[in-house]
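# Tertiary structure, described
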There are 4 protein chains.
Amino acid sequence: MSELGPGKLRGWRATAHTIIFESDTKAGRAFDVALIVAILCSVVVVLLESMQFVDARYGAQLRTAEWFFTVLFTVEYVVRLASVGRPARYARSFFGAVDLLAILPTYLSLVVPGAQALAVVRTLRILRVFRVLKLAYYVQESETLMTALYASRRKIAVFTFSVLSLVTIFGALMYLVEGPASGFTSIPRGMYWAIVTLTTVGYGDISPKSDLGQVISSFIMILGYGIIAVPTGIVTAELTRSAERGLASKIACPSCGAGRHQPDATFCRACGSRL
Amino acid sequence: MSELGPGKLRGWRATAHTIIFESDTKAGRAFDVALIVAILCSVVVVLLESMQFVDARYGAQLRTAEWFFTVLFTVEYVVRLASVGRPARYARSFFGAVDLLAILPTYLSLVVPGAQALAVVRTLRILRVFRVLKLAYYVQESETLMTALYASRRKIAVFTFSVLSLVTIFGALMYLVEGPASGFTSIPRGMYWAIVTLTTVGYGDISPKSDLGQVISSFIMILGYGIIAVPTGIVTAELTRSAERGLASKIACPSCGAGRHQPDATFCRACGSRL
Amino acid sequence: MSELGPGKLRGWRATAHTIIFESDTKAGRAFDVALIVAILCSVVVVLLESMQFVDARYGAQLRTAEWFFTVLFTVEYVVRLASVGRPARYARSFFGAVDLLAILPTYLSLVVPGAQALAVVRTLRILRVFRVLKLAYYVQESETLMTALYASRRKIAVFTFSVLSLVTIFGALMYLVEGPASGFTSIPRGMYWAIVTLTTVGYGDISPKSDLGQVISSFIMILGYGIIAVPTGIVTAELTRSAERGLASKIACPSCGAGRHQPDATFCRACGSRL
Amino acid sequence: MSELGPGKLRGWRATAHTIIFESDTKAGRAFDVALIVAILCSVVVVLLESMQFVDARYGAQLRTAEWFFTVLFTVEYVVRLASVGRPARYARSFFGAVDLLAILPTYLSLVVPGAQALAVVRTLRILRVFRVLKLAYYVQESETLMTALYASRRKIAVFTFSVLSLVTIFGALMYLVEGPASGFTSIPRGMYWAIVTLTTVGYGDISPKSDLGQVISSFIMILGYGIIAVPTGIVTAELTRSAERGLASKIACPSCGAGRHQPDATFCRACGSRL
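In this text the structure is predicted, and so the values were computed from the model without any measurement.

## Considering the overall build of chain A
Helix and strand content of chain A: 12 helices and 0 strands. Going from N to C terminus, chain A has its helices and strands arranged as α-α-α-α-α-α-α-α-α-α-α-α. Sequence separation of 24 or more characterises 51% of the internal contacts of chain A that already satisfy a separation of 6 or more. Carbon together with sulfur atoms contributes 68% to the accessible area of chain A, which is approximately 12,700 Å² in total.

In C-alpha cells form, the structure reads like this:
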C-alpha cells in the first residue's frame, strides 16, 4: 500500500488505486509497463514533430498521436486524483506536479503554437515508474548518489558562489580589456564567455583577440582546469565515506542491536558488549 | 590448455591448437608476436588507403597488401574453427565474433566500395593477444578496472538515464528559446547541442545567440562542469574500495578475528598473536 | 567581539562598531542583510550600465544609482575606519582592501571612462558578510575546502610548474611546425594555444592544419585529458583524509588508547571499556 | 656530496664541483640562484624573438643576448663535464641530456633558421635546480606524485591502449558516415577528430553535419565524459593509498624497528611486541 494510500476508498476507486499506484498485482505491473511504453512513444512523437521534413509529410498523423497521448494522460491524471485518499497532497507532490506538467504543453499549444515541445518533460515521469516497479537495486543506488550529493550540498553551494564571483569579476575585466570589437559587448556577455571558458566548454563564438586578453584567458583556463578538482573531490570523498558506512553497517550488536560498526570493531560502540 | 580445449583433437589439429590458442611453447609465442605485427601492419594499410594522396600513388600495392592480410586472417580463422573442440562456441564468443568482423569488411568492399575502412576493428584482436601472451600484470590491472566498472554499473546506468532526461528537456527548451535561426532546427538537434555543451566538448557549430539562450546555456555548462564529479566519484570510490580489499581483507587473525591486516603482517595488530 | 575589537572606543564609535562589525544584536543583523541587498543591487546596476541598449534608455538613472551606492559605501568605509581600534590594520587586511577597491572604480571612472566596470569586485564583499552572519556550517565547509587546498599547495605548485613547462615546450614546437599561416604567429601565441588545448577548452580560434601538427595536438589532448587526474587526485585524497580525521580521530580510548572511533561511540571498539 | 661525486678530483675541478653540483656552500647557493635567473631570462629572450613586432625593432639586441646565454650555458656544460668524476655517465643522464639540448638549438639555427625556438627546452633545466636547491618539501611532494603515477603505469597503459582502439574504430566509422564533405578526408583525420571529441577539447574545425554522424558523436562525447573518470579514479585511489601509507609510516616498532604500521595498530605486525 503506497503512502498516498486508498484509505476509505471503495469500489472502482480502490481497484484503480491498486492498479495505478501499486505494482504487486499482475494488473499493476502491466499498467506500469504500458505507461513506460506510452511515455516513450509520446516523447518520440514530440521529437519527430519538431523535425521539419518529418512534420511536412506526417504532420497530421503526428498531431493526432500527440492529442491521443495527451487525452490518455489527462484521463490517467484525473483517475489518479480520484483514486488517492488525499488528492490535494498528491497534486502538490513532485510527481503530481510532473504529471500535470506532462499534459499542459499540448493544451497550451492551442494558444501558443510550438509549446508542445515542452511535453518532453514527460521523460521525468519514467523516474516514478522506476520507483513503482520496485527496481530495488537501482533505487538504492540512486538514493546513495542523492544522499552523497545532499550531504555535500553546503560545500557545493560555497563552491558555486565562489565560481560565480570569479565569473563576474573576470567577465568585467575582459569587457574592459577586449571591448565590443571581440564580442565582449557587455559585462553579462563577458560573464557568459567566462563561464564558457572556466567550465572548459570553449565554443569559440567569443574569444579574446588582444595579447592581454589571451594572458587573462590562459589564467582562467588553468584555474578552471584546476578547480574542477573541487566538486570532484567533494563528491568522491562523500561517496567513499558512504561506501565505508555501507561496508560497516551489516553487523548488528547481538545485545543492543546497534548497527554501523567499523569493520574491525570487536566490541559494540553503544553498549560495550562483545560482537 | 585453454577453455576451448582441444578435447579429443588429434594430429595437425592438436598441433594447431597448441600454436594458435596457447602460448606456453616457443612456437605459440612466435605465432602471437607474428599475429600482433600482422594486425598492426594491416591496420596501417587501411589507414594509408584512406588518405587520398597516398592512395593515388600506391593504391595498387595497398590494395594487394590489404587482400594479402585478409586472406591470411581468413585462413587463420578457418584453422581456428577447425582446431577447437567446440567450433560453434568459439564462433559465438566475443573474440570469435571479432575475428570474423576483422575479415568481413574487405569482402564487403567488393559490393560496397569503401567498406574496408571498417577493417580497423582488427585493433580489437590485439586485446586477445594481450591475454594470450599472459601479460599477467596488465591482465590483472585491466580486470581490476573492469571489476570496478562492473560493480558501478547500476550507479552508472542511473546517472546516464538522468543525464539523458536533462539533455531531452534542455534540448526542447533551447529549441523553443533559440529557434532555427541559431541552428536549433529541431528538438533532436537541440539535444545534440545539449550533449555537446553538458559534456564540455563545445564545438561551437551551434551556439546560443539570444540573451535568454545564453543564460540557459550558462546553467547547463555549470551543471555539466559539476556533475562530471558523479561518474568520477563513483569509479574512484569503487577503485579505492577494491584497492583496500585487495590489499588487506583476506587474512583474519586466528585468535581475535581482526581483519584488514597489511599484506606483510606476521603478527595481529590488535592482539599481537601470530597470524 | 571581533578581532578588530573596539578597544577603548566610546560613544557613537562603540555603537557603530557593534552594528557594523558584529551580528549578535538585532541592529547588527539588520545591517548585514541591508548590506548584502545593497551590494547585489549595486552589482546589478553596473551590469545593466554595461549593456548598450539598457544604457541608451536608462543611462541617467543607472549613473545616479551607481553614485548613490558609491557614496553609501564610501560613508560606510569611513565609518568602519573610524570605529575600529586599529584603523591601519583594518585598511591593510584582505576585507579592508576589498572594501576600498569596491568604491575606487566609480571615482576612477571620472578620469578613465568605463572604469566603473571594475566595481563588480564588490561581489567579494558578500563573502565577508557570510562570515559575519555566522552561517556556521557554510563557514566550516568553506574552511574544510580551504584547509584541503592549503594542505595541497605544494603538490599544486609542482603540478602547475610542470604544466607551464610543457606548455612552453609544446607552444614552441607548434610554432615551428605550423607557423604563422595557421595562426601560430609567435611562441607566446603557441603557448596560448597549448593552454587552450591542454585544459580541453578548445576554442578553435587557432587550430593545427598540418598532419604533423595534428599528431602533436592529439598527443597534447590525450595528455591533458589524462593529467587532469592529478589535481583531482590531490584534492580528493586530501578531502578524504580530512574527512576521516574530522570524523573520528579526536577521541582516544582511555584504557587501551585505540583512536579513530565513530562519532557516536560510547564504548571502545577494541577493548569494550567506556569512552 | 652528489651521486656524481668528485671522486679523486683536485684543485679547481673540486671547487667547480662544489659550486655547480652542490648547494651547501654560499657560493653554490648563489650559483643556483644565478642559474635560475639566467635560464628564465634566456627563455624570455627566445619568446620575444619569436614575436614579429618585437623582433623587427630589437632583433639585433635579442640575437646578441641569445648568443650570450648560449655561450654561457656552453661554458657551463663544459665545466660540468670537466668537474664530475664520470663525465660519460653525466652526459647520458636525464639532466645531462637536457643541458646539451638547451644549447644545441642556437647552434642549429645557423643551419636551420628558426631552430632557436627549441631553446625553450631550457625551462626543464629549472627542475634540476629545484632538486639541487634542496627544496625538500617540494621534492618530496613531486616524488609522491611520481610514485603514484609510476604505481599506476600499467593501469594507465591499459587505459591508453583501449582509448586508442576506440579512437581508431570511431575515426573509421565517422570517415564512412560523414565523408570528405564534412572534413573527414581520411581515417587518420577521423581519428584526430575522435581524439578532439573524446577528450572534450572540441575545436569545431571538423564537426559532424549528418544526423547519423551527430548521433555517433553524441555517443562518443558521453563516453569521453564518462571515461575521464577512469584515469582520475586510478590516480586518486593511488594517492589515497600512498597518503594512508604516509599516515601510518611515522611510528616505528621499539623492539624490531619495523615502520609503516596501520594507524590503529597496538602490536607490531612484524615481531608482535607492543608498540
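And the narrative resumes.
## Some remarks on the environment of glycine 226 of chain C
All names here are of chain C. Among the secondary structure elements, glycine 226 is positioned in helix α11 (residues 211-227). With a relative accessible area of 26%, glycine 226 lands in the partly exposed category. C-alpha of glycine 226 to C-alpha of phenylalanine 69: the two residues are 157 residues apart in sequence and 48 Å apart in space.

## Side note on the relation of the copies chain A and chain B
In the superposition of chain A on chain B (RMSD 0.1 Å, axial shift 0.0 Å), the rotation amounts to 90°. The superposition operator between the copies reduces to a four-fold rotation axis.

## Considerations on the interface of chain A and chain B
Of the residues lining the interface, 49 residues belong to chain A; the matching set on chain B comes to 48 residues. Across the interface of chain A and chain B, roughly 4,100 Å² is buried in total on both sides, 73% from carbon and sulfur atoms. At the junction of chain A and chain B, the tally comes to 1 salt bridge. Between aspartate 211 of chain B and arginine 189 of chain A there is a salt bridge; the shortest N-O distance is 2.7 Å. Inspection of the chain A/chain B interface yields 7 residue pairs in polar contact (both at pLDDT 80 or more). Looking at the side of chain A that touches chain B, the elements with two or more residues in it are α2 (26-50), α7 (123-132), α8 (136-151), α9 (153-178), α10 (187-198), α11 (211-227) and α12 (229-248) of chain A. Considering every element that reaches the side of chain A that touches chain B, the biggest residue donor is α12 of chain A, with 9 residues.

## Some thoughts on the packing of aromatic side chains
Residue and element names in this part refer to chain A. One pass over the full model with this rule turns up 28 aromatic pairs over all chains. A centroid spacing of 5.4 Å and a plane angle of 65° characterise the contact between phenylalanine 68 and phenylalanine 69, whose relative ring orientation is edge-to-face. On the accessibility criterion, phenylalanine 69 (11% relative accessible area) is buried. Put simply, the rings of Phe68, Phe69 and Phe73 touch in pairs and so form one group of aromatic residues. It is arginine 125 that lies over the ring of phenylalanine 73; its NZ or CZ is 5.2 Å from the centre.

## Topic: a nonpolar patch on the surface
Residues and elements named next belong to chain A. Side chains of Val71, Val75, Leu100, Leu101, Leu104, Tyr107, Leu108, Leu110, Val111 and Val112 sit close together on the surface and give an oily, nonpolar patch of about 880 Å² of accessible area. Elements with a minimum of two residues in the nonpolar patch: α3 (52-82), α5 (94-101) and α6 (104-108). Looking at the nonpolar patch element by element, the count peaks at 3 residues for α6. Positionally, leucine 104 belongs in helix α6.

## Quick look at helix α5 (residues 94-101) of chain B
Taken together, the buried positions of α5 of chain B are occupied by Phe95, Gly96, Val98 and Asp99 of chain B. Buried residues of α5 of chain B fall within an arc of 160° about the axis and therefore sit on the same side.

## Brief notes about the side chain of serine 218 of chain B
Residue placement: serine 218 of chain B occurs in helix α11 (residues 211-227). Engagement of the side chain of serine 218 of chain B in a polar contact is seen with the backbone oxygen of glutamine 214 of chain B, the distance being 2.7 Å. Residue contacts for serine 218 of chain B: discarding those within four places in its chain leaves Tyr192 and Ile195 of chain A.

## Considering the packing of helix α10 (residues 187-198) of chain D against helix α11 (residues 211-227) of chain D
Residues and elements named next belong to chain D. The interhelical angle for the contact between α10 and α11, taken along N-to-C directions, is 50°, at an axis separation of 8 Å. One finds that α10 runs oblique with respect to α11. Between α10 and α11, the contacting residues are Trp193, Thr197 and Leu198 on the first element and Ser217, Ile220, Met221, Leu223, Gly224 and Ile227 on the second. Here the contact of α10 with α11 is composed, by residue class, of 6 nonpolar, 3 polar and no charged.

## A look at the environment of glutamate 238 of chain D
For glutamate 238 of chain D, the position within the fold is in helix α12 (residues 229-248). Placed 93 residues apart in sequence, glutamate 238 of chain D and leucine 145 of chain D show a C-alpha to C-alpha distance of 9.4 Å.

## A word on the pattern of salt bridges
A full pass over the atoms with the stated rule returns 28 salt bridges over all chains. The partner of arginine 63 of chain A in a salt bridge is glutamate 49 of chain A, with the nearest N and O atoms 3.2 Å apart. In this pair, arginine 63 of chain A is assigned in helix α3 and glutamate 49 of chain A in helix α2, connecting sequence segments 14 residues apart. Note that arginine 80 of chain D and glutamate 76 of chain D form a salt bridge whose closest N and O atoms lie 2.7 Å from each other. Of the two residues, arginine 80 of chain D and glutamate 76 of chain D both sit in helix α3 (residues 52-82), 4 residues apart, roughly one turn of that helix. Classification of arginine 80 of chain D by relative accessible area gives buried; the value is 1%. Each member of the salt-bridge network shares a partner with another, and the members are Glu76, Arg80, Asp99 and Arg125 of chain A.

## Structural notes on the side chain of glutamate 178 of chain C
Residue and element names in this part refer to chain C. Tracing the backbone shows glutamate 178 in helix α9 (residues 153-178). As a buried residue without a salt bridge, glutamate 178 has its nearest oppositely charged side chain in lysine 209, at a separation of 6.4 Å. A distance of 2.6 Å separates polar atoms of two side chains, one belonging to glutamate 178 and the other to serine 182. Setting aside anything within four residues of it in sequence, one finds glutamate 178 in contact with Phe184, Pro208, Lys209, Ser210 and Gly213.

## Section: unusual backbone geometry
Here the phi dihedral of threonine 200 of chain A falls at roughly 60°; this positive angle occurs in a residue that is not glycine. By secondary structure assignment, the location of threonine 200 of chain A is in the loop between α10 and α11.

## With respect to the environment of glycine 96 of chain D
Note on placement: glycine 96 of chain D falls in helix α5 (residues 94-101). Beyond its immediate chain neighbours, meaning those up to four positions away, glycine 96 of chain D contacts Tyr77, Tyr90 and Ala91 of chain D.

## So, the confidence of the model for chain A
In the predicted model, chain A carries a mean pLDDT of 80, and 79% of its residues have values of at least 70. Model confidence for the complex: the whole-complex pTM is 0.82, and ipTM, which rates the interface, is 0.79.

## So, helix α1 (residues 11-21) of chain B
All names here are of chain B. Residues of α1 that are buried: Ala16, His17, Ile20 and Phe21. Around the axis of α1, the buried residues are gathered within 105° of arc, so they sit on the same side. Of the exposed residues in α1, the ones pointing more than 90 degrees away from its buried face are Gly11 and Trp12.

Criteria and thresholds
- Residues numbered from 1 in each chain as written.
- Chains lettered and ligands numbered in written order.
- Predicted model: local features only at pLDDT ≥ 70, side-chain atom pairs only at ≥ 80, totals over all residues.
- Heavy atoms only, no water.
- Helix = DSSP H or I, 4+ residues; strand = E, 2+ residues; numbered from the N terminus.
- Contact = heavy atoms within 4.5 Å.
- Areas by Shrake-Rupley, 256 points an atom, 1.4 Å probe, with all protein chains shown as cover.
- Buried < 20%, exposed > 50% of the residue type's maximum accessible area, 1.4 Å probe, protein only.
- Least-squares fit on C-alpha atoms with pLDDT ≥ 70 in both.
- Buried area = accessible area lost by both parts, 1.4 Å probe.
- Salt bridge = Lys/Arg side-chain N within 4 Å of Asp/Glu carboxyl O.
- Polar contact = N/O pair within 3.5 Å; in protein donor to acceptor, adjacent residues only side chain to side chain.
- Phe/Tyr/Trp six-rings, centres within 6.5 Å; stacked < 30°, edge-to-face > 60°.
- Lys NZ or Arg CZ within 6 Å of the ring centre and 35° of its normal.
- Patch = residues over 30% accessible without salt bridge, like charges linked within 9 Å, V, L, I, M, F, W, Y side chains within 5 Å.
- Arc of directions from axis to C-beta.
- Axes fitted to C-alpha atoms, helices over the stretch in contact; angles between N-to-C directions.
- Parallel < 35°, antiparallel > 145°, perpendicular 65-115°, else oblique.
- Nonpolar A, V, L, I, M, F, W, Y, C, P; charged D, E, K, R; others polar.
- Lys, Arg positive; Asp, Glu negative; His and termini not counted.
- pLDDT = per-residue confidence, 0-100.

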